[in-house]
Amino acid sequence: MTNLPPPRPGGRPPATDTQNDPAPDPIIDTQNEALDDGVNRCPQCGATEIRLRPSAGMLICLFCRYEWSEARLDETISNGDLGALSGTTIGSGASDIDTGADSLITMKCAGCGAEVVVNTAEQMGARCHWCRHVLTVNEQVPNGAVPDAVLPFEITHDDAIARIDRFAGKRRMFADRAFLRDFSPENVVGVYMPYMVVDGNASADVVGHGEVETRRYTRGSGDDKKTYYDADVYQVQRHVDFTVDDLTIESSAERANMNASANTNNVINTILPFDTENAVKWNASYLTGFTSEKRDQDVDHLQPELEDQLLSIARSQVESSVDRYDRGVRWERERLDVHGTRWLAMYLPVWLYSHHHDSGGKGMVHYIAVNGRTGEVMGSVPVSHRRLLVGALTAGTFIEGIVIAILAAS
Amino acid sequence: MTIAILLTDLASSTATFAAADDGSATPWLLALGPAGAGAVYFGLWRYYRNTHKSHDFERETRIAAQPATGHDAKVNEVTGTRKTRIDGENRTDHRQRVQRFD
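Residues numbered from 1 in each chain as written. Chains lettered and ligands numbered in written order. Predicted model: local features only at pLDDT ≥ 70, side-chain atom pairs only at ≥ 80, totals over all residues. Heavy atoms only, no water.

Chemist: Even after reading the chapter, I still don't get the overall build of chain A, so can you show me in this structure?
Modeler: What chain A contains, in helices and strands, is 7 helices and 19 strands. Radius of gyration (C-alpha) of chain A: 27 Å, far over the 22 Å computed for a compact globule of 410 residues. Expressed along its principal axes, the backbone C-alpha trace of chain A runs to roughly 95 × 65 × 40 Å. The 410 residues of chain A split such that 54% are buried. Considering only residue pairs separated by 6 or more positions, chain A has 75% of its internal contacts joining residues 24 or more positions apart. With an accessible surface of roughly 17,700 Å², chain A has 48% of that area assigned to carbon and sulfur atoms. (Helix = DSSP H or I, 4+ residues; strand = E, 2+ residues; numbered from the N terminus. Rg over C-alpha atoms; globule rule 2.2 N^0.38 Å. Buried < 20%, exposed > 50% of the residue type's maximum accessible area, 1.4 Å probe, protein only. Contact = heavy atoms within 4.5 Å. Areas by Shrake-Rupley, 256 points an atom, 1.4 Å probe, with all protein chains shown as cover.)

Okay, structure coming up:
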C-alpha cells in the first residue's frame, strides 16, 4: 500500500542536463489540474454524488441535477500538422508503467479525515466508510490506471440491451442451447477498455512483381481444349507518404491477444473505431457505475503492432496505383520509416455481454460487444454442432435432390 | 428470398450443364450436394462465431496520403501458362507481411 506519490507525468525519469544522456521522449502533460485525488464536488452545490448521464454524455450531480462536462482533450492539445510530426511524443497518462507502483492508493477523506484505500486495479473511486463522501482517483499514478482521456458512454444500458437482444435474436436457430437458456442481456456490463490512440507520420516503400496479360488462346479440341496465357512481368516499386489520425490500438495484453481458436477478443476489436476526437480530460466520475480494465502495455510494447498496422495502411494506399496489372501483383519486400508518432492513453466505452461456454472440456468466453458511442454490435454466439450438422445435411440433401431430378429429366 | 434465388440459379445452371453433358460431368454434379452441405455448415458457423471479423483500420482510420510514386520496369515474359493469376498474389491482402528491408 502506498500513499500518493507527488504528481509527476508518468513513470519516466525527469529530464536531465547531462549531455551524454539521450533526450527523453517529449511528454504532453494531460493531468486534469482542476481535480485532485479524494473528494471532488459538484461545481454548483458541492455534493460528491456525481456520475455520468450517458444519454447526454455529461456528468450529473445526483443531488442538484446540475450537468457539466470536462473539456475535450482536442481543445487542450492541438493536433497541429501531422505531416510535421517527428520523434515520439507521449501523453503523461501513456507513460511507461512503473511495475513497482502499487495498485492500492490511500486517500485522506476531505470530509472527515478518514483514510480510504482504493484498489485501482478494480475501481477508480470509493465511498468513505465514515462520512459517505465519494472519493475518486484523478492524479496520474504511474501504474497505468489513469489515462490521458476518457470517452464517455453515450449508448444507454437499455439501448445496449436492445442491440444485443437483436444481434442474438438473429442467431437463435443454431445457437448452443445452454447459451439460449442462460441468455439474459440485462447482465450486459459497461466497461471502459484501455487503448492507445496514435497519430503517426510515416513513409513506406513496397517492391514486388506484377503481370499484365498480353495474349489468351486455346489449344486442343473437345475435352482437351485448354486456355493458355502469355504475360509481361514487371518489377514494381511504390513509395507513399502518409499520416494517420487516431489509430486505435489495444493496450491490454489480454485484449490484444486475438487468437480466434482460444478467445473471442476479435469481436471487441471489430466494434472500433470510436469518435476519439470527442474524448475528454480525465475525471474518475465518468467511471462511476461502470467497470474499467487497466492498461498494462507501454509504448515500446505496442511499437510492433503500430508498425504492422502502418504497413497494412501503406499497402492499402498503393493498391489502386497497380490496377493496370490485370493478372495481379505479388509484393515481396516492404519498408517503413516512422518519422513521428504521438501516443495518448484513453479509456473507450464498451458494453460487454459475456457467456462462458464449455465444449469438449475446453472453455471459452464468448462476447457480444456494443460500441458505447456508435452502437455498432459484434459478437460470437456458440453454436450447437448437432443442430448445425442437421441443418447442413438438410440443405445438402435438398441440393442433391434437385441435381438428381435434373439429371433424371435430361 | 436469397436462398430461393440461389437455388433457382443452381437448378438453372445444373439443367444447362446436364443438357450439354455426355456423362463425364455427372460425378461433379452429384458432388454439389455434399459440397453445398459443407458450405452451409461453414457459412452458418462463421455467421454465428464471426472469427474472421476485425477492425478495418485501413479504411476506418483518418488517413491523409500523398499520391503513390514509384517506377515499373519490364523484367520478363511468361508464355503458355495455364495459371490465371500471378503466383503469390497479395495485392489486396494488406495484412500479409512480406520481407522487411532497410
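Chemist: Help me out: how do you make sense of the nonpolar core in this one?
Modeler: Within soluble globular proteins, side chains that are nonpolar tend to cluster in buried spots. All names here are of chain A. Among the nonpolar cores identified, the biggest contains 76 residues, and Phe179, Tyr192 and Ile368 are the most heavily contacted of them. At 8 residues, strand E17 (residues 329–359) tops the list of elements feeding residues into this core. Setting aside residues no more than four positions away along its own chain, phenylalanine 179 makes contact with Ala168, Tyr353, His355, Ile368, Val381 and Pro382. Val236, Phe242, Leu310 and Ile313 belong to the second largest nonpolar core, which has 31 residues in total. (Core = buried A, V, L, I, M, F, W, Y, C linked by side-chain atoms within 4.5 Å.)

Chemist: What is the right way to look at helix H6 (residues 299–318) of chain A in this model?
Modeler: What sets the pattern is the α-helix's 3.6 residues per turn: residues three or four places apart point alike. Over its 20 residues, H6(A) extends 28 Å from the first C-alpha to the last, a length consistent with the 28 Å expected when each residue adds 1.5 Å. Here H6(A) has its buried residues at Val299(A), Leu302(A), Leu306(A), Gln309(A), Leu310(A), Leu311(A), Ser312(A), Ile313(A), Ala314(A), Arg315(A), Ser316(A) and Val318(A). (Expected span 1.5 Å × (residues − 1).)

Chemist: How should I be thinking about the sheet that holds strand E6 (residues 67–68) of chain A in this particular structure?
Modeler: The strands that make up a sheet pair up through hydrogen bonds in the backbone, lying either parallel or antiparallel. All names here are of chain A. The strand order across the open sheet formed by 3 strands is E4-E5-E6, and the pairing between neighbours is antiparallel. In this open sheet, the two strands that pair with only one neighbour each are strand E4 (50–53) and E6. Sheet topology note: the strand E5 (residues 58–61)/E6 ladder contains 2 bridges and is antiparallel. Residue pairing for E6: leucine 59 is matched across the bridge by tryptophan 68. (Pairing = 2+ DSSP bridges.)

Chemist: Before we go on, may I ask you to explain the packing of aromatic side chains in this structure?
Modeler: In this description, an aromatic ring pair is defined by two values, namely the gap between the centres and the angle between the planes. For the coordinates displayed, the defined rule picks out 15 aromatic pairs over all chains. Between Tyr192(A) and Phe290(A), the ring centres sit 5.6 Å apart and the planes meet at 80 degrees, which makes this aromatic pair edge-to-face. Highlighted residues: Tyr192(A) in strand E13 (residues 189–219) and Phe290(A) in the loop between strand E15 (280–281) and strand E16 (291–292), separated in sequence by 98 residues. A relative accessible area of 0% means that Tyr192(A) is categorised as buried. Centroid distance Tyr192(A) to Tyr347(A): 6.5 Å. Interplanar angle 35 degrees. Geometry classified as tilted. With Tyr192(A) in strand E13 and Tyr347(A) in strand E17, the pair connects residues that are 155 residues apart, well separated along the chain. Here a set of aromatic residues connected by ring pairs shows up, and it is made of Phe153(A), Tyr192(A), Trp282(A), Phe290(A), Tyr347(A) and Trp351(A). Its end group placed over the ring of Tyr228(A), Arg219(A) keeps NZ or CZ at 5.0 Å from the ring centre. Taking the ring centre of Tyr228(A) as reference, the NZ or CZ of Arg82(B) above it sits at 5.9 Å. (Phe/Tyr/Trp six-rings, centres within 6.5 Å; stacked < 30°, edge-to-face > 60°. Lys NZ or Arg CZ within 6 Å of the ring centre and 35° of its normal.)

Chemist: Just to check I follow, could you spell out the interface of chain B and chain A for this structure?
Modeler: How large an interface is tends to be reported as the accessible area lost when its parts come together. With 73 residues of chain B in contact, the opposing surface of chain A contributes 96 residues. Between chain B and chain A, a total of about 7,400 Å² is buried, with carbon and sulfur atoms accounting for 56% of that surface. It is Tyr48(B), Arg91(B) and Phe101(B) in chain B that bury the most area against chain A; as a group they hold 11% of the surface buried on that side. Remark: the boundary between chain B and chain A carries 10 salt bridges. When the shortest N-O distance is used, the salt bridge between Arg100(B) and Glu307(A) registers 3.1 Å. Linking chain B with chain A are 57 residue pairs in polar contact (both at pLDDT 80 or more). Within the residue set of the side of chain B that touches chain A, elements represented by two or more residues are helix H1 (2–19), helix H2 (26–30), helix H3 (32–49), helix H4 (57–60), strand E1 (62–65), strand E2 (69–81) and strand E3 (99–100) of chain B. Sort the elements by how many residues they give to the side of chain B that touches chain A and E2(B) lands first, with 13 residues. Among the residues forming the side of chain B that touches chain A, the class breakdown is 28 nonpolar, 25 polar and 20 charged. Where strand E14 (residues 226–250) of chain A lies against E2(B), 10 bridges are found, and the strand directions are antiparallel. In the strand pairing of E2(B), His239(A) is matched with Thr69(B). (Buried area = accessible area lost by both parts, 1.4 Å probe. Salt bridge = Lys/Arg side-chain N within 4 Å of Asp/Glu carboxyl O. Polar contact = N/O pair within 3.5 Å; in protein donor to acceptor, adjacent residues only side chain to side chain. Nonpolar A, V, L, I, M, F, W, Y, C, P; charged D, E, K, R; others polar.)

Chemist: Please explain empty space enclosed by the protein as it appears in this structure.
Modeler: Leftover empty space is mapped by rolling, across the atoms, a probe with the size of a water molecule. Residue and element names in this part refer to chain A. Summed over all chains, the structure comprises 3 cavities of 30 Å³ or more. Within this model, the largest cavity holds a volume of roughly 60 Å³. What lines the largest cavity is a set of 14 residues, among which Ser92, Gly93, Val141, Pro142 and Arg295 lie closest to the centre. Along the lines of polarity and charge, the residues of the lining of the largest cavity split into 5 nonpolar, 7 polar and 2 charged. (1 Å grid on protein atoms, 1.4 Å probe; cavity = no way out; pocket = protein on both sides within 12 Å on 5 of 7 lines; lining within 4 Å. Points joined across faces, edges and corners; volume = space filled by probe spheres on them.)

Chemist: What's the story with the layout of surface pockets in this structure? I'm lost.
Modeler: Residues and elements named next belong to chain A. Size it by volume and the second largest pocket reaches roughly 310 Å³. Taken together, 21 residues line the second largest pocket, and the ones lying closest to its centre are Gly125, Ala126, Leu287, Thr288 and Gly289. Every element with two or more residues in the lining of the second largest pocket is listed here: E4, strand E10 (125–127), strand E11 (134–136) and E16. Its residues assigned to classes, the lining of the second largest pocket shows 9 nonpolar, 8 polar and 4 charged.

Chemist: Would you mind going over the state of the cysteines with me for this structure?
Modeler: Simply put, disulfide is the name for a covalent bond between the sulfur atoms of two cysteines. All names here are of chain A. Enumeration according to the criterion identifies 0 disulfides over all chains in this entry. Looking at cysteine 45, it has no disulfide partner, and the nearest cysteine sulfur is the one in cysteine 61, 3.6 Å off. With no disulfide of its own, cysteine 128 has cysteine 112 as its nearest cysteine by sulfur position, at a separation of 3.5 Å. (Disulfide = S-S within 2.5 Å.)

Chemist: What is the right way to look at the environment of Ile63(B) in this model?
Modeler: All names here are of chain B. Examined against the element boundaries, isoleucine 63 turns out to sit in strand E1. Isoleucine 63 sits in the partly exposed class, given a relative accessible area of 24%. For the pair formed by isoleucine 63 and glycine 80, sequence separation is 17 residues and the distance between their alpha carbons is 42 Å.

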